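The primary structure of each chain is shown beneath.
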Amino acid sequence: MKEDLNLLEQAAQNDYKYGFVTNIDTDTIPKGLSEAVIELISKKKNEPEWMLKWRLKAYAHWLKMEEPTWPNVKYPPINYQDIIYYAAPKKKEQLNSLDEVDPELLRTFEKLGISLDEQKRLSGVAVDVVMDSVSIATSFKEQLSEIGVIFCSISEAIQQHPDLVKKYLGSVVPMTDNYFSALNSAVFTDGSFCYIPKGVRCPMELSTYFRINAENSGQFERTLIIAEDESYVSYLEGCTAPMRDENQLHAAVVELVAMEKAEIKYSTVQNWYPGDKNGQGGIYNFVTKRGICAGNHSKISWTQVETGSAITWKYPSVILKGDYSIGEFYSVAFTNHHQQADTGTKMIHLGKNTRSRIVAKGISAGQSNNSYRGLVRASKQATNARNYSQCDSLLLGDQCGAHTFPYIEVKNKTAIVEHEATTSKIGEDQLFYCRQRGIDAEAAVALIVNGFAKEVMNQLPMEFAIEAQKLLAISMEGSVG
Amino acid sequence: MLSIKNIHANVEGKEILKGINLDIKPGEVHAIMGPNGSGKSTLASVLAGREEYEVTEGEVLFSGKDLLELSIEDRAREGLFLAFQYPVEIPGVSTTNFIKAAVNEKRKYQGLEPLDAVAFLKMMKEKMAMVEIGQSLLSRSINEGFSGGEKKRNEIFQMAMLEPKLAILDETDSGLDIDALRIVANGINKLRTPDRSILLITHYQRLLDYIQPDYVHVLYKGRIVKSGTKELALELEEKGYDFITESIDQSANV
């Protein structure tokens, strides 16, 4: 037992592998937030007047709001005037191809194991890379545009497709939704925009790697995905951030809109810097992700593997408005050291015969705290709504915590809501069994954890699942006994 | 192969093994019998290296190595296999993947390349036939929802795959009906080779109807109190443990 704990502690001392800083000229603005700063951001991005107005309106709301205190996380007060709200790699000229991308930047991606060349050649994945705040390279755009798919940065969409942006931006996550969504609405710098026209099945996985780079710069992405009637898209989001001493605020907003018979599959692998073993540094990840199944028979599926960030506050949700629509949430959250995660989902059943499924797996190690928080709501009109929720927690060691906060609100008698929750520890018996077969403790823990998370991992696209498995293994390296 | 010299072991400060001596030569099958609580399973656990058991005295040589100095996994990689009385469930980990990991860890230890998928599959097929186990069981999560018989058969299958020098079978017969017992025993018999030793730990004689031991030892209160050939097991079956234990207890009281 003692040895087990020691090994667990070793696991907790694993260094973050992506901690490096890229030396690229960065165009930043001074710290702090004010109307003037927002105007400056908008101006730097050469935005139309309506966008600036929208931002200022959000800012005005934000000033009246208070930071939420209900999550099961603890952190010192954030000084919002001590954050840089805009940082873009200095543009020397317009980039026409990857060859023109700063080699230093390309090396960064190589260190991350996501060389664009390789991505392009091997996987058929279109990658829209966001380095700090501005999109650097967008590949496969032409192939996609032939079938009418728009996949570009949100900044570009604001310029090129203002009607779509005006129509849908803030339609799923209103700027007034919460403190961090209001902040994002005021200062968001970049992100992705996808539009899948009617009847089109997007032939490739759309993928974005976000990377926080400039020191002290909060990153506020904004992603908007619209799937028209009978369309399908699978979107991958992966994130890594370099090592930092200061905590970095990250408050993204993602909005998904699925029209009739449309399906959106949104997968995230997040391994931002979690802080060191003493709980110093790390990313604060306060994200609002929400999709609406606007049309009948539509489907939205969230899959997330969260291994990073010092604090995660994130509830990818689905509003099931269309009749017969389906919402899914599959999640693995791994916390180590002093990491804190308060994550889960909301399934809001409005339409008839709507179904939702929640599978949340929390794994806690070190002195970390891992909470599942989920809401299932069946409204008055939601006849025959069905929900199945399963929340499992796995504890590594005896200094970590796992918590489950399910909220169930049912206003329709025909609705059926099921919730199952389990908490288990990696048993000494399991470890002994593996070790007696010649599998050392570290490999045994990886095996057991991957087995625990398998149901969720199976939801990820193949290449992504492999990456996610590696990430879990890295997060646990030096692990348990 | 295995030489146990004067082993004393404690659990939670209580002495369970009080000086065990036992020599097992290559190819021999030894049965350890004894009433409940005599220390049979403790002996198995001590040999496998379970950490709650503290060895306070004595030594164990395994193929000339100091067994007690080796980690749990290195004992396994050196060729010591324990068939568990209560095999452990690991949800989400397929039996096949589990065994593949085990086989390749052992190969790595021996300085061999990992088996590729084709070679591994070929080996699996062979051994599956040997111990009468089906493919469907092997694609399920290890031991999860297995019946008692399936769990024990799976243990013997793992033994077949790992090809140990010494297999310790801890109450492998417990909880088996007669058909399952026969299948499991047949599997074990097929795995008997001139250089593989087997240590059978059992409460009942019935397993020994199927697997003929070379030697039988009676363990009582942490000591081997009587050793003999398979006839000893038959005598125990007939007279019960009392005929040995009573005389021991009496002499202890004198």
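For the structure itself, consult the block above.
Model, not experiment: these values are computed from the prediction. (Residues numbered from 1 in each chain as written. Chains lettered and ligands numbered in written order. Predicted model: local features only at pLDDT ≥ 70, side-chain atom pairs only at ≥ 80, totals over all residues. Heavy atoms only, no water.)

**Thoughts on the overall build of chain A**
Across its full length, chain A carries 12 helices and 23 strands. The 481 residues of chain A split such that 63% are buried. Carbon and sulfur atoms make up 47% of the accessible area of chain A, which totals about 18500 Å². (Helix = DSSP H or I, 4+ residues; strand = E, 2+ residues; numbered from the N terminus. Buried < 20%, exposed > 50% of the residue type's maximum accessible area, 1.4 Å probe, protein only. Areas by Shrake-Rupley, 256 points an atom, 1.4 Å probe, with all protein chains shown as cover.)

**Focus on the overall build of chain B**
Counting secondary structure elements, chain B contains 10 helices and 12 strands. For chain B, whose C-alpha radius of gyration is 18 Å, the value lies close to the compact-globule estimate of 18 Å for 254 residues. Taking the principal axes of its C-alpha atoms as reference, chain B extends roughly 65 × 40 × 35 Å. Burial statistics for chain B: of 254 residues in total, 53% are counted as buried. Once local pairs closer than 6 in sequence are excluded, the contacts in chain B between residues at least 24 apart make up 69%. As presented, chain B carries roughly 11100 Å² of accessible surface, and 48% of it is formed by carbon and sulfur atoms. One way to put it: in chain B the 31 positive side-chain charges average out to a point 4 Å from where the 39 negative ones average out. (Rg over C-alpha atoms; globule rule 2.2 N^0.38 Å. Contact = heavy atoms within 4.5 Å. Lys, Arg positive; Asp, Glu negative; His and termini not counted. Charge placed at Lys NZ, Arg CZ, Asp CG, Glu CD.)

**With respect to the side chain of Asn143(B)**
Its location among the elements puts Asn143(B) in the loop between strand 8 (141-142) and helix 6 (148-162). Polar contacts involving the side chain of Asn143(B) include one to the side chain of Asn154(B), which spans 3.2 Å. With residues near it in sequence (within four places) discarded, Asn143(B) still touches Tyr433(A), Pro87(B), Val88(B), Glu89(B), Thr95(B), Lys151(B), Asn154(B) and Glu155(B). (Polar contact = N/O pair within 3.5 Å; in protein donor to acceptor, adjacent residues only side chain to side chain.)

**Quick notes on the packing of helix 3 (residues 95-109) of chain B against helix 6 of chain B**
All names here are of chain B. For the pair helix 3 and helix 6, interaxial distance at closest approach is 10 Å and the crossing angle is 30°. Two packed elements cross with a definite hand, and for helix 3 against helix 6 that hand is right-handed. Taking contact as the criterion, the partners of Thr95, Phe98, Ile99, Ala102, Val103 and Lys106 in helix 3 are, on helix 6, Asn154, Phe157, Gln158, Met161 and Leu162. Of the residues that constitute the contact of helix 3 with helix 6, the class distribution is seven nonpolar, three polar and one charged. (Axes fitted to C-alpha atoms, helices over the stretch in contact; angles between N-to-C directions. Left-handed = near helix turned anticlockwise from the far one by under 90°. Nonpolar A, V, L, I, M, F, W, Y, C, P; charged D, E, K, R; others polar.)

**Description of the pattern of salt bridges**
All names here are of chain B. Under the definition given, this model contains 28 salt bridges over all chains. Notably, a salt bridge pairs Glu163 with Lys127, separated by 2.8 Å at the nearest N-O pair. On the criterion of sequence distance, the pair formed by Glu163 in the loop between helix 6 and strand 9 (166-170) and Lys127 in helix 4 (residues 117-131) is long-range, its members being 36 residues apart. With a relative accessible area of 9%, Lys127 lands in the buried category. (Salt bridge = Lys/Arg side-chain N within 4 Å of Asp/Glu carboxyl O.)

**Quick notes on the packing of aromatic side chains**
Residues and elements named next belong to chain A. Counted under the stated rule, the structure contains 21 aromatic pairs over all chains. Consider the rings of Tyr75 and Tyr284, whose centres lie 5.2 Å apart with planes at 55°: the pair is tilted. Linking Tyr75 in the loop between helix 3 (49-64) and strand 2 (87-89) with Tyr284 in strand 13 (residues 283-293), this pair joins segments that are 209 residues apart in sequence. Centroid distance Tyr75 to Phe286: 5.4 Å. Interplanar angle 40°. Geometry classified as tilted. With Tyr75 in the loop between helix 3 and strand 2 and Phe286 in strand 13, this pair connects stretches of sequence that are 211 residues apart. Cluster of aromatic residues (ring-pair linked, three or more members): Tyr59, Trp62, Trp70, Tyr75, Tyr80, Tyr179, Phe180, Tyr284, Phe286, Trp313 and Tyr315. Over the face of the ring belonging to Phe405 we find Arg373, whose NZ or CZ atom lies 4.5 Å from the ring centre. If you follow Arg437 out to its NZ or CZ, it ends over the ring of Tyr433, 4.8 Å from the centre. (Phe/Tyr/Trp six-rings, centres within 6.5 Å; stacked < 30°, edge-to-face > 60°. Lys NZ or Arg CZ within 6 Å of the ring centre and 35° of its normal.)

**Considerations on the sheet that holds strand 10 (residues 197-202) of chain B**
Residue and element names in this part refer to chain B. Strand order in the open sheet formed by six strands is 6-9-10-3-11-12, with mixed pairing between adjacent strands. Of all strands in the sheet, those bounded by a partner on one side alone are strand 6 (80-83) and strand 12 (223-228). Strand-to-strand twist of the sheet, defined as the mean angle between neighbouring strand axes without regard to direction, takes the value 20°. Of the strand pairs in this sheet, strand 3 (residues 29-33) and strand 11 (residues 215-220) are connected by four bridges, and their pairing is parallel. Note on strand 11: the bridge partner recorded for Met33 is Val218. On top of the sheet, helix 6 reaches strand 6, strand 9 and strand 10; it is set at about 170° to strand 6, its chief contact. (Pairing = 2+ DSSP bridges.)

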